[in-house]
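As a plain string of letters, each chain reads:
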Amino acid sequence: MTRGIKHRKKAKSKNKGSKKGDGSSSSSSVPQVPVKVWQPGVDKLEEDEELQCDPSAYNSLHAFHIGWPCLSFDILRDTLGLVRTEFPHTVYFMAGTQLRKVTHEGCVNRIRSMTQNPHICAAWADTGHVQIWDMSSHLNALAETETEGVQGVAAVSNQAPLQKFKHKDEGYAIDWSPLVPGRLVSGDCNNCIYLWEPTSAATWNIDNTPFIGHNASVEDLQWSPTEPHVFASCSVDGNIAIWDTRLGKSPAASFKAHNADVNVMSWNRLASCMLASGSDDGTISIRDLRLLKEGDSVVAHFEYHKHPITSIEWSPHEASSLAVSSSDNQLTIWDLSLERDEEEEAEFKAKTKEQVNAPEDLPPQLLFIHQGQKDLKELHWHAQIPGMIVSTAADGFNILMPSNIQSTLPSDGA
């Protein structure tokens, strides 16, 4: 497992240039400080030490800033190829900030692109409005500037949203159906969830009678990847609810998921019985929905993070893998298929002749830890570039491809 590298700053100050003619090398006078793997939450960073990224831990790592902090973004599906492994890569995504390219009402709390028509996006505003936009012209302008080698696009557009709906309070929860083009659910801080049904390619009918089953703010929504009428919601009340739109406005099932606010969740699209959730107390839970009737559906529970979970998402290419971001400034990648192998560890130590003793409380399913961003908000896997993750934080975006993450699909899934 690779995290980061730490070294002493003071060692740099001792690197003095050699005198002319003395035949000595400037590097010979520098004491060689041993480099070691940094273990977040275990190792302490001394005043004379700093963390450095180990480039060998990544197949690719890129950081950039768009000028304003971005709470939410979404990666757009494109027509450049379903499975791309050759560099250079092109990535399109929509980002919501205080800087407006369209006349969006309020700051963007969360933004999501429709899977079937990526140029259509829905955005939650801090004013309580959910707005749907057609971003075709902006995507076309971006493609033209890329072709012509010109940087940037038009500053602000007077374009109006296709549709706008006012909730009684602001919110964050929103999700497009992966099965029915245009079907949408939005949930607010007033415990209400509204269903949007498309009536055409550019209009929606919003049912004014909300789904109500939580007694606190609805934080996230996820449609089932296999059932077109079923979606899940999570709430500050610590519960997760499963809904069937054909069965009325009350949940078909509801259960206590965490002992604190449930901030985010993700429904596995490769293994539709698996639902992952992240809480304000830093815990991550994985549930097998087939076991709900038996009472205890938790198949994995992790308490690695000590600060709120801000984003969680299953890999679109590997059913057992998921990525998590937390307010502790760590992005972690997990593989639930992994187990500790003492023989393999002993063999590794023998080959490297090093003592690599992982802490006993470090889960063997923890595959990778990425650091370097402050106040992480959201992450997404790229559905068409295996192994690529994009994350946003207060200090900008990172695009990363860890070297120990599978970057190609299995032969039977390609």
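Heads up: the structure comes first, above all this text.
Cut-offs applied
Residues numbered from 1 in each chain as written. Predicted model: local features only at pLDDT ≥ 70, side-chain atom pairs only at ≥ 80, totals over all residues. Heavy atoms only, no water. Phe/Tyr/Trp six-rings, centres within 6.5 Å; stacked < 30°, edge-to-face > 60°. Helix = DSSP H or I, 4+ residues; strand = E, 2+ residues; numbered from the N terminus. Buried < 20%, exposed > 50% of the residue type's maximum accessible area, 1.4 Å probe, protein only. Lys NZ or Arg CZ within 6 Å of the ring centre and 35° of its normal. Contact = heavy atoms within 4.5 Å. Salt bridge = Lys/Arg side-chain N within 4 Å of Asp/Glu carboxyl O. Pairing = 2+ DSSP bridges. Axes fitted to C-alpha atoms, helices over the stretch in contact; angles between N-to-C directions. Polar contact = N/O pair within 3.5 Å; in protein donor to acceptor, adjacent residues only side chain to side chain.

Draft legend 1. Geometry of the packing of aromatic side chains. Under the criterion given, the structure shown has 15 aromatic pairs. Geometrically, the ring pair formed by Phe-231 and Trp-243 is stacked, given 5.9 Å between the ring centres and 10° between the ring planes. Of the two residues, Phe-231 is situated in strand β17 (residues 230-235) and Trp-243 in strand β18 (residues 239-244); the sequence distance between them amounts to twelve residues. Judged by its relative accessible area of 0%, Phe-231 is buried. Among the aromatic residues, those joined into a cluster by ring pairs are Phe-64, Phe-73, Phe-93 and Phe-397. Seen from the ring of Phe-211, Lys-249 lies directly overhead, with NZ or CZ sitting 4.2 Å from the centre.

Draft legend 2. Here's a closer look at the environment of Leu-221. With respect to the helices and strands, the residue Leu-221 is situated in strand β16 (residues 218-223). C-alpha separation for the pair Leu-221 and Ser-235, spaced 14 residues apart in sequence, amounts to 9.4 Å. When neighbours within four sequence positions are excluded, Leu-221 is seen to be in contact with Ala-173, Ile-174, Asp-175, Val-185, Ser-186, Gly-187, Ile-193, Phe-231, Ala-232, Ser-233 and Met-265.

Draft legend 3. Summary view of the pattern of salt bridges. Per the stated rule, a full pass over the model turns up ten salt bridges. The shortest N-O distance in the salt bridge between Asp-288 and Arg-290 comes to 2.7 Å. Linked by salt bridges that have partners in common, Arg-110, Arg-112, Asp-220 and Glu-378 make up one network.

Draft legend 4. A look at the sheet that holds strand β27 (residues 366-370). Ordered in space as β24-β25-β26-β27, the four strands form an open sheet in which the pairing is antiparallel. Here the strands that pair on one side only, and so sit at the sheet edges, are β24 (309-314) and β27. Within this sheet the neighbouring strands show an average axis-to-axis angle of 15°, counted without direction. The pairing of strand β26 (residues 331-335) with β27 spans four bridges and is classified as antiparallel.

Draft legend 5. View of the pairing of β18. Counting buried positions over the six residues of β18 gives six, a clear majority of the element. Going residue by residue along β18, you find Asn-239, Ala-241 and Trp-243 tucked away on one face and Ile-240, Ile-242 and Asp-244 tucked away on the opposite face as well. Taken together, the five bridges between β17 and β18 define a ladder with antiparallel strand orientation. Looking across to β18, one finds that Val-230 is bridged to Asp-244. The turn joining β17 and β18, which pair antiparallel and follow one another in sequence, is formed by three residues; a positive phi near 85° is taken by Gly-238. By the bridge criterion, four bridges tie β18 to strand β19 (residues 253-256) in an arrangement that is antiparallel. Residue pairing in the sheet places Asn-239 in a bridge with Lys-256 of β19.

Draft legend 6. The arrangement of the environment of Ser-279 in detail. Within the secondary structure layout, Ser-279 lies in strand β21 (residues 274-279). Between the C-alpha atom of Ser-279 and that of Asn-259, which follows or precedes it by 20 residues, the distance is 8.1 Å. Beyond its immediate sequence surroundings of up to four residues, Ser-279 is in contact with His-258, Ala-260, Asp-261, Val-262, Asn-263, Pro-308 and Ile-309. A distance of 3.0 Å separates the side chain of Ser-279 from the side chain of Asp-281, its partner in a polar contact.

Draft legend 7. Summary view of the sheet that holds strand β22 (residues 284-288). Spatial strand order, β20-β21-β22-β23: four strands in an open sheet with antiparallel pairing. The open sheet has two edge strands with one neighbour each: β20 (262-267) and β23 (298-302). Here the average twist between neighbouring strands, direction ignored, is 15°. Direction of pairing for β22 relative to β23: antiparallel, over a ladder of four bridges. Bridged to Arg-287 within β23 is Val-298.

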